[in-house]
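The chain contents come next:
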Amino acid sequence: MLGFIKKDLLMIKSNIKIFAILLLIYIVMAFQGQMDLSFLLPFMSVMIMMSTFSYDSYNKWDAYAISIPDGRKNSVKAKYLATIILIILTTIIITILSFIISYTKTNIIDFENIVGTIFGSVFATILLQSLIYPAMYKFGPEKARIGLMTIIFCIAIVGGLIVKYVDLSQIIKFLNFIGEYWIIVFSTTMISILYISYKISKRVYLKKEF
Amino acid sequence: MDNILEVKNLCKKYQGFELKNVNIALPKGTIMGFIGENGAGKTTTIKAILDIIKEYTGEIKIFGLDNRKDEKEIKENIGIVLDDIFFPEILTPNDINNIMKNIYKDWDSELYFKYLTNFTFPNNKAIKTLSKGMRKKLEIVVAISHHPKLLILDEPTAGLDPVARNEVIDIFQNFIQNEECSIFLSSHITTDLEHIADYITFINKGNIILSKTREELLEDYGIVKCTKEEFDKIDKKDFIKYKENKYEYEVLIENRKLFNKKYDVSTIDKITLEELMVLMIKGEK
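First things first, this report covers the structure right here in the doc.

About the cut-offs
- Residues numbered from 1 in each chain as written.
- Chains lettered and ligands numbered in written order.
- Predicted model: local features only at pLDDT ≥ 70, side-chain atom pairs only at ≥ 80, totals over all residues.
- Heavy atoms only, no water.
- Pairing = 2+ DSSP bridges.
- Helix = DSSP H or I, 4+ residues; strand = E, 2+ residues; numbered from the N terminus.
- Polar contact = N/O pair within 3.5 Å; in protein donor to acceptor, adjacent residues only side chain to side chain.
- Contact = heavy atoms within 4.5 Å.
- Salt bridge = Lys/Arg side-chain N within 4 Å of Asp/Glu carboxyl O.
- Buried < 20%, exposed > 50% of the residue type's maximum accessible area, 1.4 Å probe, protein only.
- Axes fitted to C-alpha atoms, helices over the stretch in contact; angles between N-to-C directions.
- Parallel < 35°, antiparallel > 145°, perpendicular 65-115°, else oblique.
- Left-handed = near helix turned anticlockwise from the far one by under 90°.
- Phe/Tyr/Trp six-rings, centres within 6.5 Å; stacked < 30°, edge-to-face > 60°.
- Lys NZ or Arg CZ within 6 Å of the ring centre and 35° of its normal.
- Buried area = accessible area lost by both parts, 1.4 Å probe.

1. Here's the deal with the sheet that holds strand β4 (residues 57-62) of chain B
All names here are of chain B.
Thinking step 1. In space, the four strands of this open sheet follow the order β2-β1-β4-β5, with antiparallel pairing throughout. The open sheet has two edge strands, β2 (17-27) and β5 (65-66), and neither has a second partner.
Thinking step 2. In terms of strand pairing, strand β1 (residues 3-14) meets β2 through eight bridges, oriented antiparallel. The partner of Lys13 across the bridge, within β2, is Glu18.

Here is the structure:
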């Protein structure tokens, strides 16, 4: 298992310069107030992990993985674990950056607001990746990328329609109801979504011919 | 003699192609060359042996174990080179060592780097920067660095220049020095197989049409080159296939000595695997 996780992390490391440049551009824009850091986490995580899927597909890694011990069993699990490791690392970086930016701009650290924003970003990242991974395994990165665009487009339209036409008081009531338990509720939801996604991906992978 | 690999009645159906009752038996300590034209079913057979493809029928045993039930134990002991299938190309030979030492119980980093040094590999350069020949050599080095007992190789010498092919064949011959080890390799480069294979198995359109020892094929089989008049005198049951060329007939026969006793023809040559392949596929009966 460790070997498979290492493979994904080493692939990310190989492209670290590109990601570092992107991160730098993003940080500069965040300091100038042109960009919100909360977008950075989902953007970077999804982009980095999608690049690993693309390289896997280009070199037909999955057929090779299945030919080595426990490949079919561990390949998908390793991809999800590498994703979690990446999310944790990027979350730490973004949290630190958010504190620095907040302090530089206002001389105070708005702890509650930053944690809330980061938590929302992590939730969005996990939701996005949970949706995209089974599609990656089923249809391959090329088709899944189109799927990802479609999902984002649909979410934006549905979100817009909800804001415009739906009475949001019920949602606000629900959020008030969960109140201080929101971290537990959202954490449980996140873990459940990721677990269901993993189960679907694993099922697809076990049945797939390479 | 114990068989290290046994395939019995392997069948797999795709739209427009079918593997039909493929049977293979590879004895311990030997090399089997698996030949056939493109699309004949070589890679499909190898993928079934490795359980990469699904929904095939038949029985596949490696080291006497079922290839699906005892997958982990089997795969710990086999080394693979697959056509155009490998690690993502942004990784380096050093990365591969880091990964493989956590995958194979018997991964031997010292042996791996010894081979890389012998081949003067740049250990820190991404696979994508390597030439096709270097990449193939890396695949072979990766396949043998965990001391496998069986190598399953799909076109391992494709794209290599003669010098590199020679180096690779030397590796295979060293590997086979251990009598417990065997190699099953598919190749288009039949001259390589004429040098190293103990057995030749020939697949055509999903059917195994021939499986013999190299000696049987290269010593007994022959190619008769004759005129139309001479060809007309040959009994149909005394040849396997024939091909009509512009000035002569080429006739594939199973036993040169017996044929020579029975017929008076001017030329009976030993056959090469390439000629055998062409006549078996393109020849008529």
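2. Structural notes on the side chain of Ser67 of chain A
Thinking step 1. Within the secondary structure layout, Ser67 of chain A lies in helix α4 (residues 61-67).
Thinking step 2. Side-chain polar atoms of Ser67 of chain A contact the backbone oxygen of Ala63 of chain A, separated by 2.8 Å.
Thinking step 3. Those residues in contact with Ser67 of chain A that sit more than four places away from it in its chain are Leu50, Ile52, Lys75, Ile80 and Leu82 of chain B.

3. A closer look at the pattern of salt bridges
Residues and elements named next belong to chain B.
Thinking step 1. Inspection of every chain in the model, using the stated rule, returns 23 salt bridges over all chains.
Thinking step 2. Between Glu180 and Lys28 there is a salt bridge, with the nearest N and O atoms lying 3.5 Å from each other. Linking Glu180 in the loop between α6 (162-175) and β8 (182-186) with Lys28 in the loop between β2 and β3 (31-35), this pair joins segments that are 152 residues apart in sequence.
Thinking step 3. Residue classification places Glu180 among the partly exposed residues on the basis of a relative accessible area of 40%.
Thinking step 4. Its salt-bridge partner being Lys225, residue Asp269 comes within 3.6 Å of it at the nearest N-O pair.

4. Some details on the packing of helix α1 (residues 2-14) of chain A against helix α5 (residues 71-106) of chain A
Residues and elements named next belong to chain A.
Thinking step 1. Orientation of α1 relative to α5, taken along the N-to-C sense of each, is 45°, at an axis distance of 7 Å. Accordingly, the angle class assigned to the pair α1 and α5 is oblique. When the axes of α1 and α5 are compared, the crossing they make is right-handed. Of the residues in α5, those touching α1 at Phe4, Ile5, Lys7, Asp8, Leu9 and Ile12 are Gly71, Asn74, Ser75, Ala78, Lys79, Leu81, Ala82, Ile85 and Leu86.

5. Topic: the packing of aromatic side chains
Here a ring pair, both rings aromatic, is described through the centre-centre distance and the interplanar angle of the planes.
Thinking step 1. In total, this model carries 24 aromatic pairs over all chains according to the counting rule given.
Thinking step 2. A centroid spacing of 5.2 Å and a plane angle of 50° characterise the contact between Trp107 of chain B and Tyr112 of chain B, whose relative ring orientation is tilted. Like Tyr112 of chain B, Trp107 of chain B is buried.
Thinking step 3. Here the aromatic rings of Tyr112 of chain B and Phe113 of chain B are separated by 5.2 Å at their centres, their planes lie at 70°, and the arrangement is edge-to-face.
Thinking step 4. Residue Tyr112 of chain B is classed as buried on the basis of its relative accessible area, which comes to 0%.
Thinking step 5. On the accessibility criterion, Phe113 of chain B (23% relative accessible area) is partly exposed.
Thinking step 6. Three or more aromatic residues link up through ring pairs in this structure, and these residues are Phe53, Tyr80, Tyr133, Tyr137, Tyr195, Tyr198, Tyr205 and Phe210 of chain A.
Thinking step 7. Of note, Lys12 of chain B hangs over the ring of Tyr14 of chain B, and the distance from its end group to the ring centre comes to 4.8 Å.

6. Things to note about the environment of Lys205 of chain B
Residues and elements named next belong to chain B.
Thinking step 1. Position of Lys205 relative to the elements: it lies in the loop between β9 (199-204) and β10 (207-213).
Thinking step 2. In the structure, Lys205 is positioned 185 residues away from Lys20 in sequence and 8.7 Å away in space, judged by C-alpha atoms.
Thinking step 3. Residues contacting Lys205, with those up to four places away along its chain left out, are Phe17, Glu18, Lys20 and Ala40.

7. Focus on the interface of chain B and chain A
Thinking step 1. Listed as interface residues are 33 residues of chain B and, on the opposing side, 29 residues of chain A.
Thinking step 2. Each partner contributes to the roughly 2,800 Å² buried at the junction of chain B and chain A, and carbon and sulfur atoms together form 61% of this total.
Thinking step 3. Counting across the chain B and chain A interface gives two salt bridges.
Thinking step 4. Across the salt bridge formed by Lys72 of chain B and Asp70 of chain A, the nearest N and O atoms sit 3.6 Å from each other.

8. What about the pairing of strand β11 (residues 222-226) of chain B?
All names here are of chain B.
Thinking step 1. For β11, the buried fraction is high: four of the five residues fall into the buried class.
Thinking step 2. With five bridges connecting them, β11 and strand β13 (residues 249-253) associate as antiparallel partners. Its bridge partner lying in β13, Lys225 is registered against Glu250.
Thinking step 3. Note: β11 against strand β14 (residues 267-270), four bridges, orientation antiparallel. The partner of Gly222 across the bridge, within β14, is Lys270.

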